[in-house]
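# Breakdown of the fold
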Amino acid sequence: MTKENLFSIAFYNTENLFDYKDDEHTLDSDYTPSGRKKWGHYRYQHKVNKIAKVISKIGTTDCMFPPVLVGLAEVETKQVALDIIHSEVLRYLNYDCVHYDSPDERGIDVALLYHKDFFELISSEAIPVQVFETNGVKDDTRDILYVKGNLYGELTHVFVNHWPSRRKGVDKTHLKRIALANILNYRIDQILADDPQAKIIIMGDFNDDPSSESIAKHLVSDRIHNPMEKLLTPKQGTLIHNGVWHLFDQILYSNAFKDSPSNQFKKADIYNEDFLTDWTGRNKGEPLRTYIGKFYRGGFSDHFPVYAIFKK
């Protein structure tokens, strides 16, 4: 099968891709010139260019072009997403983006980049979510981004997610992620009720592994498949925490991508090339981050991207 017959879709958690302006409504003061991270124009633009470089390379071993769709997590504003696609390495490609400001207290959102030559945008919306702490306090987390469009001429539904983190412990937060899975399932039910052969892509940083309850029991079903289940091993994932690899970043798809002769799913993988990897000290083999603690490393992200290959 030739490169001309294949295309890719990707997802990337960019790790704290803030602009360097202080927003009085969010907790972003660390990422300002006078803040704790000393985050100014140079460091911001350096990171934007690095993220753009990664996007330009994902899937190109298999395909003629960079990804047709790229879901992003942890971008602060629409302008940040626009700065990525207007960077030197991507500006000559015909990308546009969809972004909505979310209630996240830090001001980091999800976005979708799409190549206008291959994806025709029809509509988009931010699906509000309501989840609560164990004490009943509302958690202001990210919306789910829903985008509908024609992917190589076929109607396709795309959901971009960044589910609540495990920061307060898995046991104290797993019900939030199950709640997000149920909200997402409700929308999937609506789409499949109207069209049982609907093409649906679900991507995101789920803050859970493929085997976690929220994914395995509340999202994957006989109509939604997770091709990333076998990618997580003791030596491989998309991020590492306390010496353990996790695969929080995943791309799932509906039956129609398996059964249809066009836009057919072929494979999924982690984009963990050497240039994205830290090869020094105790962080050897991990994603090369922008910061390690307070120390600026000038890297990419604490996550590796993921991608899926499809046949046109």
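Residues numbered from 1 in each chain as written. Predicted model: local features only at pLDDT ≥ 70, side-chain atom pairs only at ≥ 80, totals over all residues. Heavy atoms only, no water.

The six strands are arranged 5-8-9-10-14-11 in an open sheet whose pairing can be described as mixed. Each edge of the open sheet is held by one strand with a lone partner, namely strand 5 (119–127) and strand 11 (224–225). As judged from the seven bridges shared by strand 8 (residues 144–151) and strand 9 (residues 154–162), these two strands associate in the antiparallel manner. Within the sheet, the bridge partner assigned to Leu151 lies in strand 9 and is Glu154. With respect to the sheet, helix 3 (residues 170–194) is in contact with strand 5, strand 8, strand 9, strand 10 (199–205) and strand 11, its orientation differing from that of strand 9 by roughly 170°. (Pairing = 2+ DSSP bridges. Helix = DSSP H or I, 4+ residues; strand = E, 2+ residues; numbered from the N terminus. Contact = heavy atoms within 4.5 Å. Axes fitted to C-alpha atoms, helices over the stretch in contact; angles between N-to-C directions.)

Our focus in this paragraph is the packing of helix 1 (residues 41–57) against helix 2 (residues 78–85). The N-to-C vectors of helix 1 and helix 2 enclose an angle of 60°; their axes lie 8 Å apart at closest approach. What the angle tells us is that helix 1 and helix 2 run oblique. At the point where helix 1 passes helix 2, the crossing takes the right-handed sense. Between helix 1 and helix 2, the contacting residues are Tyr44, Val48, Ile51, Ala52 and Ile55 on the first element and Gln79, Val80, Asp83 and Ile84 on the second. Class assignment of the residues belonging to the contact of helix 1 with helix 2 gives a composition of seven nonpolar, one polar and one charged. (Parallel < 35°, antiparallel > 145°, perpendicular 65-115°, else oblique. Left-handed = near helix turned anticlockwise from the far one by under 90°. Nonpolar A, V, L, I, M, F, W, Y, C, P; charged D, E, K, R; others polar.)

Further remarks concern helix 2. Within helix 2, six of the eight residues are buried, which leaves it mostly tucked inside the rest of the structure. Among the residues of helix 2, those classed as buried are Val80, Ala81, Leu82, Asp83, Ile84 and Ile85. Where the residues of helix 2 are buried, they touch strand 1 (6–17), helix 1, strand 2 (69–75), strand 3 (95–99) and strand 4 (109–115). For helix 2, the side-chain oxygen to backbone nitrogen distance between the N-cap and Gln79 is 3.3 Å, and the N-cap itself is Thr77. (Buried < 20%, exposed > 50% of the residue type's maximum accessible area, 1.4 Å probe, protein only. Polar contact = N/O pair within 3.5 Å; in protein donor to acceptor, adjacent residues only side chain to side chain.)

Okay, the sheet that holds strand 4 next. Read from one edge of the open sheet, six strands run 3-4-2-1-18-15, paired in mixed fashion. Because the sheet does not close on itself, it has two edges, and the strands there are strand 3 and strand 15 (264–270). Sheet twist, expressed as the mean angle between neighbouring strand axes with direction ignored, is 20°. Direction of pairing for strand 1 relative to strand 2: parallel, over a ladder of six bridges. Across the sheet, the residue bridging to Ile9 is Leu69, located in strand 2.

Turning next to the pattern of salt bridges. Within this structure, the stated rule accounts for nine salt bridges. Between Asp189 and Arg223 there is a salt bridge whose closest N-O contact spans 2.6 Å. Here Asp189, found in helix 3, pairs with Arg223, found in the loop between helix 4 (213–216) and strand 11; they are 34 residues apart in sequence, far enough to count as distant. By relative accessible area, which is 22% here, Arg223 ends up partly exposed. (Salt bridge = Lys/Arg side-chain N within 4 Å of Asp/Glu carboxyl O.)

Turning our attention to the nonpolar core. Judged by nonpolar contacts, the single largest core of 69 residues is most densely connected at Ile55, Ile84, Leu113 and Ile201. With seven residues, the single largest contributor to this core is strand 1. The residues touching Ile84, leaving out its near neighbours within four places in the chain, are Leu17, Val48, Ile51, Ala52, Ile55, Leu72, Leu90 and Leu113. Ile127, Val131, Tyr146 and Ile188 belong to the second-largest nonpolar core, a separate cluster that totals 22 residues. (Core = buried A, V, L, I, M, F, W, Y, C linked by side-chain atoms within 4.5 Å.)

With that out of the way, let us pick up helix 3. With 25 residues, helix 3 should reach 36 Å at 1.5 Å per residue; the first-to-last C-alpha distance of 36 Å fits that figure. Those residues of helix 3 that fall on the buried side of the exposure criterion are Thr173, Lys176, Arg177, Ile178, Leu180, Ala181, Leu184, Asn185, Arg187, Ile188, Ile191 and Leu192. (Expected span 1.5 Å × (residues − 1).)

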